[in-house]
Amino acid sequence: MSDHYLNDDGEKSVVIVMTSGPSTAHRCATPFYLGSLLSSMDAEVKIFCTMEAVKLMKVGVAENLAAMEGGKRIIDFIRDAKNAGAQLYVCRPALPGYEIEADNLIDEVDEVASAGDLADLMLSVDRLLFF
């Protein structure tokens, strides 16, 4: 492939909008895995958790959840993404609907943000992915 990402010297930015949560655990690893991969390829990656995905950010949830029985815990995928350089955002307006307080979020969260912040991110990135 001649137009491969690795051949492009320009900076890349990606926002991954994560809506999947514990009720669809099988969908919860891939966004963080892709975030790790893209970050390791020098893309600027921001993962924005909204809707049911905010539940994954509550202390104790991702630590006890895997995408498949006997598989790697979701918290480990989250930590891999963070260690690779991804930034993690949590939707402030979604928290009350799931009875989650901002001070009860995992340490990996970089920012509790608004829907307006998400809109700004969406309009400013090269790639936008939804899960």
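This text goes with the structure placed above it.
This is a predicted model, so every value here is computed, not measured. (Residues numbered from 1 in each chain as written. Predicted model: local features only at pLDDT ≥ 70, side-chain atom pairs only at ≥ 80, totals over all residues. Heavy atoms only, no water.)

> Whenever I open this one, the overall build of the protein chain confuses me. Can you help?
Of regular secondary structure, the protein chain possesses 3 helices and 5 strands. The C-alpha radius of gyration of the protein chain comes to 15 Å, within 12% of the 14 Å expected for a compact globule of 131 residues. Overall, the C-alpha framework of the protein chain stretches about 45 × 35 × 20 Å when taken along its three principal axes. Sorting the 131 residues of the protein chain into buried and exposed places 40% on the buried side. (Helix = DSSP H or I, 4+ residues; strand = E, 2+ residues; numbered from the N terminus. Rg over C-alpha atoms; globule rule 2.2 N^0.38 Å. Buried < 20%, exposed > 50% of the residue type's maximum accessible area, 1.4 Å probe, protein only.)

> What exactly am I supposed to notice about the sheet that holds strand β4 (residues 111-113) here?
For sheets, the rule is that strands pair by backbone hydrogen bonds, running either parallel or antiparallel. The strand order across the open sheet formed by 5 strands is β4-β3-β2-β1-β5, and the pairing between neighbours is parallel. The open sheet is flanked by β4 and β5 (127-130), the only strands paired with a single partner. Shown here is a sheet whose adjacent strand axes are inclined to one another by a mean of 25°, direction ignored. Relative to strand β2 (residues 44-49), helix α1 (residues 30-40) is tilted by about 165°, and along the sheet it contacts β1 (13-18), β2, β3 (87-91) and β5. (Pairing = 2+ DSSP bridges. Axes fitted to C-alpha atoms, helices over the stretch in contact; angles between N-to-C directions. Contact = heavy atoms within 4.5 Å.)

> I would appreciate a short explanation of the pairing of β3 in the present structure.
One face of the sheet, then the other: side chains in a regular strand alternate in exactly this way. Counting buried positions over the 5 residues of β3 gives 4, a clear majority of the element. Summarising the sheet, β2 and β3 pair through 4 bridges and their orientation is parallel. By the bridge assignment, K46 is partnered in β3 with Q87. Read from β2 through helix α2 (residues 74-84) to β3, the crossover connection turns out right-handed. (Right-handed = clockwise from strand over helix to strand, strands pointing away.)

> Just to check I follow, could you spell out the side chain of S13 for this structure?
With respect to the helices, strands and loops of the structure, S13 is situated in strand β1. Apart from residues lying up to four places away in sequence, S13 is in contact with E44, S124, V125, D126 and R127.

> Which parts of the structure should I look at to understand the packing of aromatic side chains?
One pair of aromatic rings is described through two measures. These are the centre distance and the angle between the planes. Counted according to the given criterion, the structure contains 1 aromatic pair. Each ring, one from F48 and one from Y89, has its centre 6.2 Å from the other, and the planes form 10°; the classification is stacked. One end of the pair, F48, is in strand β2; the other, Y89, is in strand β3, with 41 residues separating them in the sequence. When sorted by exposure, F48 lands in the same class as Y89, which is buried. The residue whose ring lies beneath K72 is F77, and the NZ or CZ to ring-centre distance is 4.6 Å. (Phe/Tyr/Trp six-rings, centres within 6.5 Å; stacked < 30°, edge-to-face > 60°. Lys NZ or Arg CZ within 6 Å of the ring centre and 35° of its normal.)

> What should I look at first to understand the pattern of salt bridges in this one?
According to the stated counting rule, one finds 6 salt bridges in the structure shown. With its nearest N and O atoms 2.5 Å apart, the salt bridge here joins D80 to K72. Overall, the relative accessible area of 33% leaves D80 in the partly exposed class. Between E108 and R79 there is a salt bridge, with its nearest N and O atoms 2.9 Å apart. Pair noted here: E108 is in the loop between β3 and β4 and R79 is in helix α2, with a separation of 29 residues, a long-range link. Owing to a relative accessible area of 14%, E108 belongs among the buried residues under this scheme. With a relative accessible area of 33%, R79 lands in the partly exposed category. (Salt bridge = Lys/Arg side-chain N within 4 Å of Asp/Glu carboxyl O.)

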